Amino acid sequence: MQTLINKRILLGVTGGIAAYKSAELVRLLQEQGSEVRVVMTKAATEFITPLTLQALSQNPVYTELLDTESESAMSHITLARWADLVLISPATSNFIAQLAGGHANDLLTTICLAAQCPLAIAPAMNQAMWGNSSTKDNCKTLLERGLHFFGPADGLQACGEEGSGRLLDLESIVNGISSVFETGALTGKHVVITAGPTREAIDPVRFISNHSSGKQGYALAEAALEAGARVTLVSGPTNIEAPRQAQVIQVDSAEEMYVEVQKLILDTDIFIGVAAVADYRPKTVPERKIKKSEVASNATWLLELVRNRDILQSVSNSPNRPFTVGFAAETDNVIGNARDKLTHKNLDMIIANKVGDTTVGFNSDNNRTTVLWKDDQQELPIMSKAAVSSKIIALIAEAILKDKDG
Ligand code: CTP
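Residues numbered from 1 in each chain as written. Predicted model: local features only at pLDDT ≥ 70, side-chain atom pairs only at ≥ 80, totals over all residues. Heavy atoms only, no water.

(A) Spatial organisation of the sheet that holds strand S21 (residues 376-379). If you trace the 8 strands from one edge of the open sheet to the other, you get S13-S12-S9-S14-S17-S18-S20-S21, paired in mixed fashion. Each edge of the open sheet carries a strand with a single partner, namely strand S13 (247-250) and S21. Neighbour to neighbour, the strand axes of the sheet diverge by 15° on average, direction disregarded. Bridge count between strand S9 (residues 190-195) and strand S14 (residues 270-273): 4 bridges; the pairing is parallel. Among the inter-strand pairings, Thr-194 is bridged to a residue of S14, identified as Gly-273. The strands touched by helix H10 (residues 215-226) within the sheet are S9, strand S12 (230-235), S14 and strand S17 (323-330), with S12 carrying the most contacts at an inclination of about 170°. (Pairing = 2+ DSSP bridges. Helix = DSSP H or I, 4+ residues; strand = E, 2+ residues; numbered from the N terminus. Axes fitted to C-alpha atoms, helices over the stretch in contact; angles between N-to-C directions. Contact = heavy atoms within 4.5 Å.)

Structure below.
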């Protein structure tokens, strides 16, 4: 991560339970070669002591706006000018509201207002607070002002509730910061990603679907955005929030997904098929609910299915095809099956992952994958779906660059 060497990161810590993770974040940033200075809100000092962060950052920790001693050493304006990037992690809902409102009532808000460098925030809060429309409006305002958002992630929260609002894993935050300094490996590119499951109607109340959560596709969308791309997500039904800067086209069935993708092909530079598309759909879908009495033998019901069109293959075989990437979710002979799909689906790259293991893959936050292309492959360790995504996007950018040079 060359991009972080000698970078001056001002880490703003606000008062949430995830504040304790700042200690590790300081260490990770330093490991990448950054110099870190820490500013804490008063509430943050209730969760982690300034002394801990001072010892780790090897710099004084700033907490007061009107402290003559620290102001004479480094004023809020000097601190704002010193930074190459201001990162607020964790950012509470209150701090996000203050930022959106342009407040300057403590040291950190004042620095954010005075800073002319990029500002990034890693929100962490209860899922209901994150889902609240005030928070959503505030985030929208900040996004429109060009702030970078890292997370939040989904999962179990400190309060015992489950949902979106956890601090993004630190590795992904560090990757995100690194990508802010990159000139945008995919700047000017349009990335189209299919994500989530599809639903194949049996009748108006029943459907055939699968366990795909959409997490991997949405994480890839986030990583592509961070690399500077314009992103369109063609998504089946999921329970997760799409990255705010992505254009989202919601679909239900494989056929709807196929139709939406066809409309986009000519304007696509990179296509990534992550969706778990149903291979078959019921041959006929009646307008009325099917009654048991209508099933020929009510002990067994034979559904006749017909094959869906392959969306990925339709893209890879299109004239002037985009760089085309597929996913292969396999239970056995993972690499062999993935390499077969790479060839017969005419892909530029395929990401193989083993499914059936509950610690990784479908529905999990982690994934263990191998990325394969024509003449090579690279096995990735178990990583969060966000970290896997950054890596995949970096490999795609590298391959495109090589294609251009070659
Ligand atoms: N895919 C697609 N359209 C389909 C089926 C699959 O775009 N109708 C894409 C998926 O998004 C994924 C890749 O093809 O990127 C592999 O899908 P997978 O279901 O694993 O492979 P299949 O081709 O369906 O092969 P099989 O079911 O035999 O494993």
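So, next bit.
(B) Up close: the nonpolar core. Among the nonpolar cores identified, the biggest contains 37 residues, and Val-191, Ile-193, Val-231, Ile-272, Met-349, Ile-393 and Ile-396 are the most heavily contacted of them. Among the secondary structure elements, those contributing two or more residues to this core are S9, H10, S12, S14, S17, strand S18 (349-354), strand S20 (369-373) and helix H14 (385-405). Filtering out sequence-adjacent residues up to four positions away, Val-231 remains in contact with His-190, Val-191, Ile-193, Ala-221, Ala-224, Leu-225, Ala-246 and Gln-247. Core analysis: the second largest hydrophobic core is formed by 32 residues, Leu-11, Val-13, Val-38 and Ile-173 among them. (Core = buried A, V, L, I, M, F, W, Y, C linked by side-chain atoms within 4.5 Å. Buried < 20%, exposed > 50% of the residue type's maximum accessible area, 1.4 Å probe, protein only.)

(C) Looking closely at the site of the ligand. The environment of the ligand is formed by 13 residues, the closest being Gly-273, Ala-275, Leu-312, Lys-341 and Lys-345. Contact between the ligand and Gly-273: an oxygen atom at 2.6 Å from a main-chain N or O atom of the residue. Between the ligand and Lys-341 there is a distance of 2.8 Å, counted from an oxygen atom to a side-chain nitrogen or oxygen. Protein chains shield 76% of the accessible area of the ligand, which is 580 Å² for the free molecule. For the shell around the ligand, the leading source of residues is S17, giving 3 residues. For the shell around the ligand, a count of residues per class yields 6 nonpolar, 2 polar and 5 charged. (Near = heavy atom within 4 Å. Polar contact = N/O pair within 3.5 Å; in protein donor to acceptor, adjacent residues only side chain to side chain. Areas by Shrake-Rupley, 256 points an atom, 1.4 Å probe, with all protein chains shown as cover. Nonpolar A, V, L, I, M, F, W, Y, C, P; charged D, E, K, R; others polar.)

(D) Up close: the sheet that holds strand S1 (residues 8-13). Pairing in this open sheet of 6 strands is parallel, and the strands run S3-S2-S1-S4-S5-S6 from one edge to the other. Edge positions in the open sheet fall to strand S3 (61-62) and strand S6 (148-149), since each of these has one partner strand only. Looking at chain direction, strand S4 (residues 85-91) and strand S5 (residues 119-123) are connected through 4 bridges and run parallel. Within the sheet, the bridge partner assigned to Leu-87 lies in S5 and is Ala-120.

(E) Up close: the pairing of S14. Where burial is concerned, the two faces of S14 agree: the one with Ile-270 and Ile-272 and the one with Phe-271 and Gly-273 are both buried. Direction of pairing for S14 relative to S17: parallel, over a ladder of 4 bridges. Bridging from a neighbouring strand, Ile-272 pairs with Val-325 of S17.

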